[in-house]
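So the chains spell out like this:
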Amino acid sequence: MSFMKTLKKNISMKLNMAQYQFYSSSKESASMERCSVDCIVPEYCPEEPLPPYNQNSAIPFEIDYSYFINEISSKRQSSKLREITRLLEKLPPDCIKFGVGVPNVQTFPFKKISVELITGENIKLQGQELSDALQYLPSVGYRPLINILEEIQESFHGPQNWSKRSIIMTSGAQEGLSKVVEMCVRCNDPVIMPDPVYTGAVDLFKPYSADIIPIVQDSCGVVVEEIEKVLAERKRKMLPIPKMIYLNPTASNPAGTTLPTHRKREIYKLACEYNMLILEDDPYYYLHFEKENPVSFLSMDTEGRVLRFDSFSKIMSSGLRVGFITGPKTLLHRVELHMQTSSMHTSSLSQVLLYKLLSHWGKDGLISHFMHVKNFYKQKLDYMMSAINKHLNGLAEWYEPNGGMFLWLKIIGLNDAKKLVTTRCLEKFIILAPGFALSAIPENPSPYIRLSYSIASPEEVDRGIALLAEAIREELLD
């Protein structure tokens, strides 16, 4: 029985937090509509959700993807030698490999690789698996790992039509984002993104002098009405319509917001109406604190408009540098052609090690690990919120995130928190991220700061927030 078939048999289980539904259903989660009253942005009152989209991911018609591919990407051709490497997957192991220009693994100084897990168990790579881990791989990635990931995607995001959709491994989600931007963006292209926004995303567009269209967020993420206004106005004025919208939908960096399902449906509807791609950058998907898994854009993608970026950096190891893109085959093939002449492929060792780990864990181990990680960060958040409520009342405004690693604060009485963060807090040895650096338009002053609760101990959190309160008072008196 396959890894994920056994996973589906026991789809929900009680662990430390609550009853979690492993498959993301199309029902609205009541907890997903929770929006704090103590928010730094306009309070959000949920409207009636749209009727559910058909969750069957079969793509009903062919999009002309050439519209989204820029001139440079359109000129990329397959590397004939890299195609030979991919061909080897389909040939019997005893074929005679005169045409493969790779080193012989017998010359490598490694006999076996053994990794001890925190449980005391060992993952061992030896024999053919060690050879695979030390050798070149096809640019799309390690096929046994991709097979597991396909089943995971179906379990979390519904049935996928793999004749139209595929997966490609990347060196973290960031490489995937980079490759897609380099595939699609032309100079001065407009692009829609949240404000505030993950800097690693907005920085990708800057070399193209992209027309960044920032969309304000409330406590539940981007405000759909603002996207509608922007698109309608650009259409009326005959301005270029954005070809893509970038979103960080679950426990976003830096705002900590999670888009509710009906907003995602409305955004997806706009993407269909205005012929846009959705870049669903979701590295915190498995770090949400809700009872049900968020419903993804991928799960509602009936037209082939979603490129979903997943990452193991937050849940396994950031040093492994393993992520993957799920999306239309036509677009991922262009990404593959770029990888053939750049990184060639994601680390073989990391991919094979991850495959062994997922195979070893099975359903119970994977769910248990996810729950352990969620519990860990939820406890970290609780420490942070306790210190915030203790020391920052009257000095800052905030709302409690429902996942991830970040808390977004607005300093009361300051128009610009740059000096507070870069001078006064540093003098007290407190490291914070200034809000202006996380703005879609970083030239504008910002009264916000981002705090990460992922690393600091409870004692450091309490002391650090007390020092932050002291620094704010000093700054307000200056």
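The structure this text deals with has already been given above.
Let me sum up the structure you'll find in this document. (Residues numbered from 1 in each chain as written. Predicted model: local features only at pLDDT ≥ 70, side-chain atom pairs only at ≥ 80, totals over all residues. Heavy atoms only, no water.)

**Notes on helix α10 (residues 329-340)**
- The terminal C-alpha atoms of α10 lie 16 Å apart, and with twelve residues this matches the ideal 16 Å at 1.5 Å per residue to within 8%.
- The element α10 is extensively covered by neighbouring structure, given that nine of its twelve residues are classed as buried.
- For α10, the complete set of buried residues consists of L331, L332, R334, V335, E336, L337, H338, M339 and Q340. (Helix = DSSP H or I, 4+ residues; strand = E, 2+ residues; numbered from the N terminus. Expected span 1.5 Å × (residues − 1). Buried < 20%, exposed > 50% of the residue type's maximum accessible area, 1.4 Å probe, protein only.)

**A look at the side chain of N293**
- Residue placement: N293 occurs in the loop between β10 (277-281) and β11 (306-311).
- The exposure class of N293 is buried, given its relative accessible area of 8%.
- A polar side-chain atom of N293 sits 2.8 Å from a polar atom in the side chain of H288. (Polar contact = N/O pair within 3.5 Å; in protein donor to acceptor, adjacent residues only side chain to side chain.)

**Some points on the pattern of salt bridges**
- Counted according to the given criterion, the structure contains 23 salt bridges.
- A salt bridge links R308 to E280; its shortest N-O distance comes to 3.1 Å. Of the two residues, R308 sits in strand β11 while E280 sits in strand β10, which places them 28 residues apart along the sequence. Accessibility assignment for this pair places R308 and E280 in one class, buried.
- Here D478 ties to K419 by a salt bridge, and the two come within 2.9 Å at their closest N and O atoms. Of the two residues, D478 is situated in the segment after α13 (458-477) and K419 in helix α12 (residues 418-427); the sequence distance between them amounts to 59 residues.
- Using a relative accessible area of 62% as the deciding quantity, one classes D478 as exposed.
- A cluster of three or more residues bridged by salt bridges with shared partners is formed by K419, R424, K428, E470, E474, E475 and D478. (Salt bridge = Lys/Arg side-chain N within 4 Å of Asp/Glu carboxyl O.)

**Some remarks on the pairing of strand β4 (residues 122-125)**
- Residues of β4 alternate between two faces, with I123 and L125 buried on one and N122 and K124 left unburied on the opposite face.
- By the bridge criterion, four bridges tie strand β3 (residues 113-116) to β4 in an arrangement that is antiparallel. Across the sheet, residue V115 finds its bridge partner in β4, namely I123.
- In sequence, β3 turns back onto β4 through a hairpin of five residues, with G120 there showing a positive phi of about 95°. (Pairing = 2+ DSSP bridges.)

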